[in-house]
Amino acid sequence: MSAPQVPARRDRTPLILGIIAGILAVAVVIALSVYFLRPNSPASTGSSPAPQAPDSTQADPAPGPTESSSSDAGIDVTATGFTITGEDGESLTHEWADDPQPAIDALTALFGTEPTEDFQNGDAENWAYDVYEWEGFRFFDVFLDGSDRQRSEVPAPTYVSYGTGVPVDVTNDLGIEIGMTPDELDALNPDEAHADGGTAAYLFGKDRATFYADGKRTFGAVVTIDDSSFWITYTYAPEL
């Protein structure tokens with residue numbers, strides 16, 4: 001009796017390899033789908049992102065500080081002195097008997113340039129003066145070096161004269177304006193008026209010249225005009 005036969009064993013290798021191949025094919029299909037369906041990014045396309053519109057709700061930046069100047073900058077002359085107001089709004093009042101240097105410094109700052117200096121000789125009736133001149137404006141300071149007289153004895157230790165070409169605003173308490181015509185000056189009722197050829201002179205505020213009576217330094221004004229110039233001088237002026 002022959003031994004029972006053992007059934008032949010099937011080789012399963014091809015089946016396993018087929019399963020593995022199928023799984024790999026599915027994985028490739030999934031990977032390709034993900035690749036082609038993902039959105040393009042700037043890095044993958046090489047293009048720059050579209051610019052974003054500005055946010056209209058953002059507040060505009062606050063404006064930076066701007067330089068400003070005082071509309072009152074200039075010089076105001078009165079009977080007792082004058083006030084200098086700079087572009088920064090700071091002011092200095094100079095009375096006629098005051099020390100001259102602060103006024104010279106303030107005028108230099110206002111005009112933006114150093115003054116030219118001159119000297120006005122005196123005589124038996126007139127004092128000598130150091131003269132500081134800016135364009136169209138002159139400041140006079142009495143010169144007493146070598147004299148036995150004192151500053152307190154001088155009716156006009158300082159005074160000013162200004163006119164044609166002055167580049168800053170200058171006003172006064174008598175209402176005289178640079179460039180007025182003779183008729184306009186006459187309308188202001190001058191105390192005296194003289195004409196000599198092409199030159200005319202007008203005296204205003206004669207009653208202010210009381211220094212030798214009461215020691216007060218209150219100045220009137222002398223106006224001199226010709227065909228090319230117009231000058232207003234505030235000083236001790238009892239007469240023309």
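This text follows the structure it describes.
Residues numbered from 1 in each chain as written. Predicted model: local features only at pLDDT ≥ 70, side-chain atom pairs only at ≥ 80, totals over all residues. Heavy atoms only, no water.

**Things to note about the overall build of the protein**
Each helix and strand counted, the protein has five helices and twelve strands in total. Taken over 240 residues, the protein has a buried fraction of 31%. Sequence separation of 24 or more characterises 48% of the internal contacts of the protein that already satisfy a separation of 6 or more. Counting every atom, the protein has about 16,200 Å² of accessible surface; 52% of that belongs to carbon and sulfur. (Helix = DSSP H or I, 4+ residues; strand = E, 2+ residues; numbered from the N terminus. Buried < 20%, exposed > 50% of the residue type's maximum accessible area, 1.4 Å probe, protein only. Contact = heavy atoms within 4.5 Å. Areas by Shrake-Rupley, 256 points an atom, 1.4 Å probe, with all protein chains shown as cover.)

**Topic: the packing of aromatic side chains**
Per the stated rule, a full pass over the model turns up 13 aromatic pairs. Ring centres of F82 and F139 lie 6.1 Å apart, and the angle between their planes is 70°; on these two criteria the pair is classed as edge-to-face. Placement of F82 in strand β2 (residues 81-85) and of F139 in strand β6 (residues 137-142) is noted, with a sequence separation of 57 residues between them. Residue F82 shares its accessibility class with F139, and that shared class is buried. Members of the aromatic cluster, each reached through a chain of ring pairs, are F82, W96, Y132, F139 and F219. The ring of W231 carries R138 above its face, with NZ or CZ at 4.1 Å from the centroid. (Phe/Tyr/Trp six-rings, centres within 6.5 Å; stacked < 30°, edge-to-face > 60°. Lys NZ or Arg CZ within 6 Å of the ring centre and 35° of its normal.)

**Description of the sheet that holds strand β10 (residues 199-204)**
Across the sheet, eight strands lie side by side as β4-β5-β6-β7-β12-β11-β10-β9; this open sheet has antiparallel pairing. At either end of the open sheet lies a strand with only one pairing partner, and these are β4 (116-120) and β9 (192-196). Shown here is a sheet whose adjacent strand axes are inclined to one another by a mean of 20°, direction ignored. Helix α3 (residues 100-111) rests against β5 (129-134), β6 and β7 (158-163) of the sheet, and its axis sits at about 165° to β6. (Pairing = 2+ DSSP bridges. Axes fitted to C-alpha atoms, helices over the stretch in contact; angles between N-to-C directions.)

**Looking at the nonpolar core**
Generally speaking, a soluble globular protein has its nonpolar side chains buried in company with each other. If you look at the biggest cluster of nonpolar residues, it comprises 41 residues, and the most contacted ones within it are I75 and F82. Among the elements that make up this core, the one with the highest residue count is α3 (six residues). (Core = buried A, V, L, I, M, F, W, Y, C linked by side-chain atoms within 4.5 Å.)

**Regarding the environment of Y234**
Structurally, the position occupied by Y234 is in strand β12 (residues 230-235). A relative accessible area of 0% places Y234 in the buried class. A distance of 2.6 Å separates polar atoms of two side chains, one belonging to Y234 and the other to D173. (Polar contact = N/O pair within 3.5 Å; in protein donor to acceptor, adjacent residues only side chain to side chain.)

**Re the sheet that holds strand β3 (residues 91-95)**
Strand order in the open sheet formed by four strands is β3-β2-β1-β8, with mixed pairing between adjacent strands. Each having just a single partner strand, β3 and β8 (170-172) make up the two edges of the open sheet. Each neighbouring strand pair of the sheet contributes to a mean axis angle of 15°, computed without reference to strand direction. α3 contacts β1 (74-77), β2 and β3 of the sheet and is inclined by roughly 40° relative to β2.

**Some points on a negative patch on the surface**
A surface patch of negative charge is lined by E177, D183, E184 and D186. With respect to the helices, strands and loops of the structure, D183 is situated in helix α4 (residues 182-187). (Patch = residues over 30% accessible without salt bridge, like charges linked within 9 Å, V, L, I, M, F, W, Y side chains within 5 Å. Salt bridge = Lys/Arg side-chain N within 4 Å of Asp/Glu carboxyl O. Lys, Arg positive; Asp, Glu negative; His and termini not counted. Charge placed at Lys NZ, Arg CZ, Asp CG, Glu CD.)

**A word on the pattern of salt bridges**
Close approach of charged atoms allows side chains of opposite charge to pair. Under the defined criterion, the tally for this structure stands at five salt bridges. E133 is the partner of R138 in a salt bridge, and the nearest nitrogen-oxygen pair spans 3.3 Å. Where E192 meets K206, a salt bridge forms, and the shortest distance between an N and an O atom there is 3.1 Å. With E192 in strand β9 and K206 in the loop between β10 and α5 (211-214), this residue pair connects regions lying 14 residues apart in the sequence.

**Details of the environment of A201**
Considering the arrangement of structural elements, one finds A201 in strand β10. In this structure A201 comes out as buried when scored by relative accessible area, which is 16%. Taking the C-alpha atoms as reference, A201 lies 9.6 Å from P182; in sequence the two are 19 residues apart. Residues contacting A201, with those up to four places away along its chain left out, are E192, A193, H194, V223, T224 and L240.

**Structural notes on α3**
The terminal C-alpha atoms of α3 lie 16 Å apart, and with twelve residues this matches the ideal 16 Å at 1.5 Å per residue to within 8%. P100, A103, I104, A106, L107, T108, L110 and F111 are the residues of α3 that are buried. Contacts made by the buried residues of α3 are with β1, β2, β3, β5, β6 and β7. Downstream of α3 by a residue or two, G112 has a phi angle that is positive, lying close to 75°. (Expected span 1.5 Å × (residues − 1).)

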